[in-house]
Amino acid sequence: MKKSYYTKPSQDFGFGNVQQQQVRMLNKDGSFNVRRKNLAFGESFNIYHYLLNIPIPHFIFIIVGWFTAINILFASLYMLTGIQHLAGVENTELGNKFLDAFFFSTQTFTTVGYGHISPIGLASNIIASFEALVGLMSFALITGLLYGRFSKPESRLKFSTQALVSPYKDITAIMFRIANLQKNQLLDIDAQVVVSMFVWKDDKRVRAFYNLTLERNSVNFFPTSWTVVHPINDESPFFGMDEKAFRETEAELMILFKAYDDKYFQTVHTVYS
């Protein structure tokens, strides 16, 4: 019967008793590999967090798409109320009339107002007033999102592709390297490594979490790179394992890196697996 190589009690790091095999706890981008079911859309989705964290090309695409779609909507409303209620429209073809209404909508939405086309009548003026209100609120939200994206502190770190098992003093150790890609200073750096692995307990194969002891879990400065080392001694969960036993545990190293950024005057963190 297989036994656990680690005698210390396991710790719960927030994942509970997860039993799936060959499933990563963390994705490569640091997000948790968790799927939430039976929740309403509003309970599981936050549009502010979504727009704040998506890649910049996706963010620009959504903003441009919103701007185009909302102006097409208002241009259609101007067409429905009658293009004759927009003074200054000289085109006679339907397509050109719609383009005039669309560009008038963009000018009203952005409150530019060049003056060549202007609304006439109650209905068109109500639509233009409401569109100006929507435009002001939209740009206020977009400005806040842009500020939030560009002012959000982050630690841009590069992790080594592989974690190695190499000779270390008179024993062996698991080690990997972290490099700082930014020119700004990171101070009071702290690293915590948690291993998720399957062990045998009461004749059952269960997942357990252990906080690995590091040779050094903090450094004062981080100008270049740092090699994180976990000595495989008699206090390590990997003590006494060969390669086959290690693979059977389906171990996953989860890294939490925290540091103080002297430019943002805030604590930044990176999660990696």
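Thresholds applied
- Residues numbered from 1 in each chain as written.
- Predicted model: local features only at pLDDT ≥ 70, side-chain atom pairs only at ≥ 80, totals over all residues.
- Heavy atoms only, no water.
- 1 Å grid on protein atoms, 1.4 Å probe; cavity = no way out; pocket = protein on both sides within 12 Å on 5 of 7 lines; lining within 4 Å.
- Points joined across faces, edges and corners; volume = space filled by probe spheres on them.
- Nonpolar A, V, L, I, M, F, W, Y, C, P; charged D, E, K, R; others polar.
- pLDDT = per-residue confidence, 0-100.
- Helix = DSSP H or I, 4+ residues; strand = E, 2+ residues; numbered from the N terminus.
- Contact = heavy atoms within 4.5 Å.
- Buried < 20%, exposed > 50% of the residue type's maximum accessible area, 1.4 Å probe, protein only.
- Salt bridge = Lys/Arg side-chain N within 4 Å of Asp/Glu carboxyl O.
- Core = buried A, V, L, I, M, F, W, Y, C linked by side-chain atoms within 4.5 Å.

Q: Help me understand empty space enclosed by the protein, please; the structure alone is not making it clear to me.
A: The gaps left among the atoms become clear once a water-sized probe is rolled over them. This structure, assessed with the given rule, holds one cavity of 30 Å³ or more. Space inside the largest cavity adds up to approximately 30 Å³. If you go around the largest cavity, the residues you meet are I174, F176, V193, L212, L214, H230 and L253. Taken together, the residues of the lining of the largest cavity sort by class into six nonpolar, one polar and no charged.

Q: What's the story with the confidence of the model for the protein in this structure? I'm lost.
A: Parts of the prediction with low pLDDT should not have their coordinates interpreted in detail. Of all residues in the protein, 87% have pLDDT values of 70 or greater, and the mean over the chain is 82. Mean pLDDT in the protein bottoms out at helix α1 (residues 41-44), which sits at 66, and peaks at helix α3 (residues 56-81), which reaches 94. Every residue in residues 1-7 is under pLDDT 50, and counting partners more than four places away or in other chains gives 17 contacts.

Q: Can you help me understand unusual backbone geometry in this one?
A: Glycine aside, negative phi is the norm for most residues, and most peptide bonds take the trans geometry. A positive phi angle is found at T111, which is not glycine, with a value near 60 degrees. In this structure, T111 sits in the loop between α4 (94-109) and β2 (118-119). Here the phi dihedral of E250 falls at roughly 50 degrees; this positive angle occurs in a residue that is not glycine. Structurally, the position occupied by E250 is in the loop between α6 (243-248) and β10 (252-261). Residue classification places E250 among the partly exposed residues on the basis of a relative accessible area of 21%.

Q: Help me understand the pattern of salt bridges, please; the structure alone is not making it clear to me.
A: What the rule picks out here adds up to one salt bridge. Taking the shortest distance from any N to any O, the salt bridge between E243 and R247 comes out at 3.1 Å. One end of the pair, E243, and the other, R247, are both in helix α6, four residues apart, so they sit about a helical turn from each other.

Q: When you look at the nonpolar core in this model, what are you seeing that I'm missing?
A: F238 and F257 are the most contacted members of the largest nonpolar core, which totals 31 residues. Of all elements in the fold, only β3 (157-159), β5 (171-180), β6 (186-201), β7 (204-211), β9 (225-231), β10 and β11 (266-272) reach the threshold of two or more residues within this core. Not counting the four nearest positions on each side in its chain, F238 is found in contact with I174, V195, M197, L212, H230, I232, F246, A251 and L253.

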